[in-house]
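Each chain is listed here by its residues.
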Amino acid sequence: MADPASLLDRDALHGARRLLAELPLRLHFPPALAAGFAARRREEFERFITVSAPVAVLVCLLVMLAGRAGFRQELLGPDGGLWWVGAWFNTAVVTLTALAFLLPAARRHYHRLLPLTAGILMASTVFLSLAITEPRLAQSLTYVVMFVITISTLGLRLSQPVAAVACLAGGLAGMGAALLLEHRPDWGMLFHYYPGALGVSLFIAWLLERQERISFLSSLLLAHESAERERLNRELEQMARSDGLTGLANRRHFDERLAAEWERARRDQRPLALLFIDVDHFKRYNDHYGHAAGDDCLQQVAASLTGALLRSGDLAARYGGEEFVLMLPGTDSPGAEEVALRVLLAVDARALPHAASQTAPVVTVSIGLAACVPQAGAPAALLNAADEALYRAKGEGRHRIARAVPPPAPAMLPA
């Protein structure tokens, strides 16, 4: 069956809630919910039939054995042969149906095969109950008719209209066969047990199906609410780890990833590189163009950063204000310098006007680069080295890349 939550679009969701609030006598489902309900019943039937099919065959054989033991004298009379023909016929029908359900195609179409089987059994049993004149045998067959009605309406996971049609059609066929063969049935006895058993069974089937539909709607709403909670939790988690303006990772997420990548690089003795990036003269840009234009400028710079990253393991984050940072696991200093150059060119290619800049007529960035193979301690030394390189790039005129001078710290070796 499809994911329960996927069966509820906006209209179906409101409809399901309205049905559960009003609980009308007839719970009519729209097409998507009706298909889901039918699929659930089919799944339940497939689990049920695995055990019940051989049991049904065994019950038929036990009925014959019990009949032979309980009606020994009656079966010696003229109706005995007819009783045995009917018993073997019904057992054969049940056995063939049970064997058919070993095939997946038959299980998928059980709602067509089972009504046919129920109708045949009903016709055969009603015919026998009318054709056999021996009182005890005929009375025993009335119980079998009621048993077939109960199983058809309550046990086969058929919809109530389908079960009603199968039982009525089978009963009428059995009556017609008895009349065609010129039997003189006890109509009083027939109308005493057949309509009553059918009416009571159908009423119980209606109550059970109605309750099943209510449970189905409740489970759908519960699954939908659970899926919504999961979606909101994912969104909240994403919001907690992302910068709201640029969509890049925020500083908290960057710090977590940096600590993890530092430990991984230290364990594997692989290089780790950081690029500190600052938008040149951004305060002047805000003062000249306004904060709305400043936000748009930061978004475009962020897009340039993500476009410059070619690996899924690299991370771009907004560090604060107009400062950004790129983390490049498994990248040495020459490799990081290639990425830094791509960033520089990508921002230049956007040619965002910056009339207030003292560096260029367009928006530019300065980049500080640091790379190392971690040895011990925390990544603060690498972070500080990249930050110092950035300030040196700004001090040297901006719009350039500056590589860090590795500090004499035991926490890292130059990469």
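If you're wondering where the values come from, they're calculated on a predicted model, not measured in any experiment.

Basis of the calculations
- Residues numbered from 1 in each chain as written.
- Predicted model: local features only at pLDDT ≥ 70, side-chain atom pairs only at ≥ 80, totals over all residues.
- Heavy atoms only, no water.
- Helix = DSSP H or I, 4+ residues; strand = E, 2+ residues; numbered from the N terminus.
- Buried < 20%, exposed > 50% of the residue type's maximum accessible area, 1.4 Å probe, protein only.
- Contact = heavy atoms within 4.5 Å.
- Areas by Shrake-Rupley, 256 points an atom, 1.4 Å probe, with all protein chains shown as cover.
- Lys, Arg positive; Asp, Glu negative; His and termini not counted.
- Charge placed at Lys NZ, Arg CZ, Asp CG, Glu CD.
- Salt bridge = Lys/Arg side-chain N within 4 Å of Asp/Glu carboxyl O.
- Core = buried A, V, L, I, M, F, W, Y, C linked by side-chain atoms within 4.5 Å.
- Axes fitted to C-alpha atoms, helices over the stretch in contact; angles between N-to-C directions.
- Parallel < 35°, antiparallel > 145°, perpendicular 65-115°, else oblique.
- Nonpolar A, V, L, I, M, F, W, Y, C, P; charged D, E, K, R; others polar.

### What about the overall build of the protein chain?
Along the backbone of the protein chain there are 13 helices and six strands. Considered along the principal axes of its C-alpha atoms, the protein chain spans approximately 120 × 45 × 30 Å. The buried share of the protein chain, reckoned over its 415 residues, is 44%. In the protein chain, the share of contacts with a sequence separation of at least 24, taken over all contacts with a separation of at least 6, comes to 74%. Total accessible area on the protein chain stands at roughly 21,300 Å², and carbon and sulfur atoms take up 62% of it. Computed over 40 positive and 40 negative side-chain charges, the separation of the two mean positions in the protein chain equals 4 Å.

### Considerations on the pattern of salt bridges
Overall, the coordinates contain 15 salt bridges when judged by the stated rule. In this structure, Glu261 and Arg264 form a salt bridge, with 2.9 Å as the shortest nitrogen-oxygen distance. Here Arg264 and Glu261 lie together in helix H9 (residues 251-268), a separation of three residues that amounts to about one turn. A salt bridge links Asp287 to Lys283; the shortest N-O distance between them is 3.1 Å. On the criterion of helical spacing, the pair formed by Asp287 and Lys283 is a turn pair, its members being four residues apart in helix H10 (residues 282-289).

### Concerning the side chain of Asn90
For Asn90, the position within the fold is in helix H3 (residues 80-100). Apart from the residues within four sequence positions on either side, Asn90 is in contact with Leu121, Ser124 and Thr125.

### Things to note about the nonpolar core
In globular proteins that are soluble, nonpolar side chains generally tend to be buried together. Counting 45 residues, the largest nonpolar core has Met122, Val126 and Tyr194 as the members making the most contacts within it. Elements represented by at least two residues in this core include exactly helix H2 (31-70), H3, helix H5 (110-131), helix H6 (135-155), helix H7 (160-180) and helix H8 (187-241). Residue contributions to this core peak at 10 residues, all from H5. Residue contacts for Tyr194: discarding those within four places in its chain leaves Met122, Val126, Val145, Ile149, Cys167, Leu168, Gly171 and Met175.

### Overview of the packing of H2 against H3
Following both chains from N to C, one finds H2 and H3 inclined at 170°, their axes separated by 8 Å at the closest point. When the axis of H2 is compared with that of H3, the two are roughly antiparallel. Residues Ala53, Ala56, Val57, Cys60, Leu61, Val63, Met64, Gly67 and Arg68 of H2 lie in contact with H3, whose contacting residues are Trp83, Trp84, Ala87, Trp88, Thr91, Val94, Thr95 and Ala98. Tallied by class, residues from the contact of H2 with H3 come to 13 nonpolar, three polar and one charged.

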